[in-house]
Amino acid sequence: MAYYIVSFGSSLYKMTTAGAPGTALTLPTNVTLNTGRVARMAVLGRTVVVVNQPLRGLAIDADGVVRPMGLLPPTSAPILSVGAAGSLSGTFRAKYSFAIKDSDGNIVSESPLSPQSSTVTLTSDLLTAKFEKSTESQVNCRRLYRTITNGSTFFPWLDVDGNTITQISDDLSDTLLDDIAAPDELGPPPGTMPGTYLSLIAEWKGRLWGVGNIDVDTLRWSGANLLYAWPTDYSLDISPIGADQFGITGLIPRRDELAVCKRNIIWKIVGEDPDSFEPIKVVEGKGCYAPDSIKVIRDIGYFLGEDGVYSWGPSGVQCISDEKVRAWFTTDTYFNREKFPDAFAKYNARYHSYELHLAAAGSSSIDRWVSYDIQSGQWYGPHKTDAFTPTFAGEIVDGDGLAVPVTLGSDGYVYLGNQTTIADQGTAIALEAITKVHTGDTPDITKHFGELAVINKVETTDGALTIATECGDVSEGSLNPRTEKTFYAMLRSARQRFTRVGPGRGLQLTFAESTVNQGCEIHGYEIPFHELGRR
Amino acid sequence: MPGKINVYNLGSKGVNVVKSPVHLDDGELTKAQNVQMDAVGSLGGIRKRDGMARLNSSVMTGSGKGIISLPLPDRSSYVRRFFVPYDYGGGAIGSNTFWESTDGTTWTAGTRGVVPQQLADYGASLGNGLGGGIWRWCVHRNRFYYPANSDGALHVYDGDEDTDYRLFKVPDNPRDGTPITKILSIVPYSSAYLLISTRDSTSRGRVFLFDVANGTLEQLGPETDLPYLPINPLVFQGRVFVGMYHGAGGSGAEVYYCRPGDASWTLDETLSSARGYIYNMVPFLGELYAGVGVDVGSNGVVMKRDKDTAWAAAATSDGTGAGNHYGPMAVSQDGLTIYGFRNSVSGGAAPTNRIMKSTDGASWSQDYDAGSGSGTSNCGIPWVDTNGDMYWVMFSASGANNGRIVKQSGGSYTVVKNDSANFAGPIVALSMPA
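Along every chain, residues carry numbers that run from 1 in the direction the sequence is written. Whichever chain is written first is A, and whichever ligand is written first is 1; the rest continue in order. Local features in a predicted model are, by the rule used here, given only for residues with pLDDT of at least 70; side-chain atom pairs are given and counted only at 80 or more, and totals for whole chains, interfaces and linings are based on all residues. Note that water and hydrogens are dropped before the side-chain values are worked out from all heavy atoms of the structure.

Draft legend 1. The arrangement of the confidence of the model for chain B in detail. For every residue, the predictor reports its confidence as pLDDT, a number between 0 and 100. Across chain B, the average pLDDT comes to 87, with 92% of residues at 70 or higher. Reported confidence for the predicted complex is 0.91 by ipTM and 0.84 by pTM.

The structure is reproduced here in structure tokens:
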């Protein structure tokens, strides 16, 4: 059964599918969460990586143990000397690293190697090495490497468990050294140094990819299946360098390509390994404004740009909002565009829709969302809830193994979507649908709109569906002046017929229902009319 | 002229705020707040969107800032279950296998798995001699490895599946003509390997490296014929150390080490005469400590191996009788305190049985009075729990009766099981479905 890692306030929790958050996970010493930033997460090798919000990257294993994502290397070389009588002869050099092992003995984090020691010459002696303790509280192993006799390549020598002793003597023979040379993919992730942090993270091709808050134009990646190892040469500068303060604003991992977005340009990374990874420009002039608006759905990436929502797939980058809802994103009528960078999104698998959370015009909270039906290509919304203020959204796998959208609130709760109860935790959902202005294709002719008939799904209770009609002259695309008339429908009937609507050149209807636990499904409506003539 | 507006594709063309409301198609809306198009059973109409419900019953502090789902096994609902071998004291074997407890306080005789290796079955050299029950079994990747009493085969109890599996029987030692090989200790070596030590006869044993995934069994240092019983090996400074437990008195026990791939074991130390029974060894503050039992006329002793590989006594008991011992040893979860069980026989001050502790390895003080009865004269390898609690299983050398299980929590000791229960050997804890 699945579980979730969730961030609330200044704590991380491991939550069950039943919603039990338990106690807050214990963070490593000197690591806190910045409550002003969102937590960005990725999964690699059954371990959750959390960045952006913590003061340093964190790795959370399946048991809920939180460890630093990476470790800084020892600052000084080991000091080698001739030990007591032993079996080694020749010249030797050594390095070592700090490491963290889990309770099963797995290395879950290893720092880069220390500087190389001076050469020591032995004649049937033990090789004695002195080395440092780590200042990291969770380091519980120092891993020593040495060269083979008279050699220059380093091989794993032995693990010194604990973080106490600072000297060992050993004469392990060359033949018993590990056959595999010292790892060359070690390196601290961006954000390991105090005062820095990883701002973006994604998993692609068995590696973690990220961007630090300092070098915002530089894309970094980890070793294969090594969340803690980010060699410094595993990086690409993404042009244009220094063009703005935002740098890379989003990572979109698709099957064979990783998009690297800036605000006005998108590159993609192709290749299979560090030797073949290369950036290819996808589009210029368009980019991603909101890192958390990115969702990859069936190998197509969706994200919020400056002037709308875009998809990136086999057909390239396309705006999916221009045709019908461009005004949502290019005017100040609907949304507070200043808050676009804080937008976040979720995927509703049941309805195959991309749901983008935005701030209403004049609001500083992300208190609205719009939904894009991927199958039909249609937009709906703006939606809202009166139960809480959304602060983040995502998807989880429930106890039945099904993907369900969730919305996190400012009130300390995770809200599960797709509930059959038509209410938001006991708060009514306010439906409001406004139709087109019906003119009978003769907007210049006054008509008398007759009796309105509404066909709807039969509900168990009547509810309070109102149908507000507005009749009037058509002026600048709307009705002005207008006369209003409101009908009250009873949803226990499948068909309802109301009195005559009245005269006007055009007619617009508004359906509204906001009763707690009240379903409301409207299948259609009919209105006869008679043209009265042109004045 | 009459006309009629018929709209039965309401909302099917979504919201359009680009065109004027006059120019929209019938299926288009200018606003669709909390409107949902349901493609399953009601396409063609609009409906109020699905509701939202709180997932967590108890509020968390602050605003939600991120979430990720892991479709991986969740052990949050698991309960930790302690196991102590059920020992029949050499009598008829029944159906009980282990004493079990989910809280460390209430213990019941259970039937999970199979009857584990019995104390008496190890024979005079161990079971009825000094320090019976000091072998160690282990939980590795949430699987409990232990030997069965019936045929000595290695079993594994899977905590996730709540199921027992028989793995294999360690082959007899070809150096020995008497096939009596039994598993003594099972100790984690790494994430993929366990160390298994065996008693092959009263004076011979071996240590194996067991690959838990692939089932291979590799004898460590196969060219060395280890004298007596290699009990409780451990990994220290990248090497496998093991102390010997002699079957007969007189000579001092040996400490050996080797590494996987070594042809032979290297003798690290031979203790002085009469110090013939190494109970177990633990690393403490970067140095290796061994709890040792002795023969008549000597004191039990804690030996310490310092960085220069020299061994020296760090503490002694005050008795001089046969069976005098200082061990097994354990280290607190924070690594700052070392503990040792001490049994003084003949001539020692009361109490005969006690738990000693030290924070520096040099100065030792009594931490628990275990009385002077025979029922608490021996102790299995203690369990250091994830929350810092420690559990000690005490019993008589000859079998089982009148022992006790002692829990140490926050510096205080509580007897959580104290009657004629039959127990012996090590205590372990396994996470299992509730």
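Draft legend 2. Structural view of the domain arrangement of chain A. As far as domains go, chain A holds domain 1 (25–66 + 188–288), domain 2 (79–176), domain 3 (308–419) and domain 4 (431–533). Just so you know, the domain bounds were taken from an automatic or database domain assignment. The centre of domain 3 of chain A, based on its C-alpha atoms, is set 29 Å off from the matching centre of domain 4 of chain A.

Draft legend 3. Focus on the pairing of strand β14 (residues 198–204) of chain A. All names here are of chain A. The buried fraction of β14 is high, at six of seven residues. Pairing between two strands requires that DSSP report at least two bridges joining them. Helix and strand definitions follow DSSP, with helices as H or I runs of at least four residues and strands as E runs of at least two, each counted in order from the N terminus. Relative to strand β15 (residues 207–212), β14 runs antiparallel, the two sharing six bridges. Directly across from L198, in β15, lies its bridge partner G212. Taking the residues that link successive antiparallel strands as the turn, the β14-β15 hairpin has two residues, and the phi of K205 there is positive, at about 55 degrees. Burial status follows relative accessibility: with a 1.4 Å probe on protein chains alone, a residue under 20% of its type maximum counts as buried, one over 50% as exposed, and anything between as partly exposed.

Draft legend 4. Summary view of the interface of chain B and chain A. In this analysis, two residues are considered to be in contact whenever any of their non-hydrogen atoms come within 4.5 Å of each other. Taken together, the 85 residues of chain B in the interface contact 120 residues of chain A. A combined buried area of about 9200 Å² lies between chain B and chain A, and 56% of that area is made up of carbon and sulfur atoms. Salt bridges are counted wherever a side-chain nitrogen of Lys or Arg sits within 4 Å of a carboxyl oxygen of Asp or Glu. Scanning the region where chain B abuts chain A turns up 10 salt bridges. Each polar contact in these results corresponds to two N or O atoms within 3.5 Å; when the atoms are within protein, one needs to be able to donate a hydrogen and the other to accept it, and residues that are neighboring in sequence are counted only if both atoms are side-chain atoms. Put simply, chain B and chain A have 58 residue pairs in polar contact (both at pLDDT 80 or more) between them. Broken down by secondary-structure element, the contributors of at least two residues to the side of chain B that touches chain A are β1 (2–7), β2 (29–33), β3 (35–36), β4 (46–48), β5 (51–54) and β6 (64–70) of chain B. Looking at which element gives the most residues to the side of chain B that touches chain A, the answer is β6 of chain B, with seven residues. Taken together, the residues of the side of chain B that touches chain A break down into 31 nonpolar, 32 polar and 22 charged. Once two parts are brought into contact, the accessible area they lose, counted with a 1.4 Å probe and summed over both, makes up the buried area. Classification used: nonpolar for Ala, Val, Leu, Ile, Met, Phe, Trp, Tyr, Cys and Pro, charged for Asp, Glu, Lys and Arg, polar for all others including Gly.

Draft legend 5. Representation of unusual backbone geometry in the model. Residue S239 of chain A is joined to P240 of chain A through a cis peptide bond whose omega torsion reads -5 degrees. Residue position: P240 of chain A is located in the loop between β17 (235–237) and β18 (250–253). Looking along the chain, the bond that leaves G327 of chain B and enters P328 of chain B is cis, with omega of 5 degrees. In this structure, P328 of chain B sits in strand β27 (residues 325–331).

Draft legend 6. Region of interest: the packing of aromatic side chains. Ring geometry is summarised as follows: Phe, Tyr and Trp rings, the Trp one being its six-membered ring, pair when their centres sit within 6.5 Å, and such pairs are stacked at plane angles under 30 degrees, edge-to-face over 60 and tilted between the two. Per the stated rule, a full pass over the model turns up 46 aromatic pairs over all chains. Ring geometry for F82 of chain B and Y391 of chain B: centres 4.6 Å apart, planes at 45 degrees, overall tilted. Residue F82 of chain B is found in strand β7 (residues 79–85), and its partner Y391 of chain B is found in strand β33 (residues 390–395); the two are separated by 309 residues along the sequence. Seen in terms of ring centroids, W135 of chain B and W137 of chain B are 6.0 Å apart; in terms of plane orientation they differ by 40 degrees. Their pairing is tilted. The pair W135 of chain B / W137 of chain B is uniform in exposure class, with both members buried. Connected via pairs of aromatic rings, a cluster forms that spans Y302, W328, F329, F335, F340, Y354, Y372 and W379 of chain A. A cation sits over an aromatic face here: R37 of chain A above Y197 of chain A, 3.6 Å from the ring centre. A ring has a charge above it when a Lys NZ or an Arg CZ is no more than 6 Å from the ring centre and no more than 35 degrees off the ring normal.

Draft legend 7. Structural context of the sheet that holds β15 of chain A. All names here are of chain A. With respect to topology, four strands assemble into an open sheet ordered β14-β15-β16-β17, the strand pairing being antiparallel. The sheet is open, and its two borders are formed by β14 and β17, each paired with just one other strand. Strand-to-strand twist in this sheet, taken as the mean axis angle between neighbours without regard to direction, amounts to 20 degrees. The angle between two axes is taken between their N-to-C directions and runs from 0 to 180 degrees, where each axis is a line fitted to C-alpha atoms and a helix contributes only its stretch in contact.

Draft legend 8. Representation of the pattern of salt bridges within the structure. What the rule picks out here adds up to 52 salt bridges over all chains. Measuring nitrogen to oxygen at the nearest pair gives 2.9 Å for the salt bridge that ties R143 of chain B to D158 of chain B. One end of the pair, R143 of chain B, is in strand β11 (residues 143–147); the other, D158 of chain B, is in strand β12 (residues 154–158), with 15 residues separating them in the sequence. Judged by its relative accessible area of 27%, R143 of chain B falls in the partly exposed class. For D158 of chain B, a relative accessible area of 7% corresponds to the buried category. The shortest N-O distance in the salt bridge between D389 of chain B and K407 of chain B comes to 3.9 Å. Residue D389 of chain B is found in the loop between β32 (383–384) and β33, and its partner K407 of chain B is found in strand β34 (residues 404–409); the two are separated by 18 residues along the sequence. The structure contains a network of salt bridges with shared partners spanning D170 and D171 of chain A together with R239, R259 and D262 of chain B.

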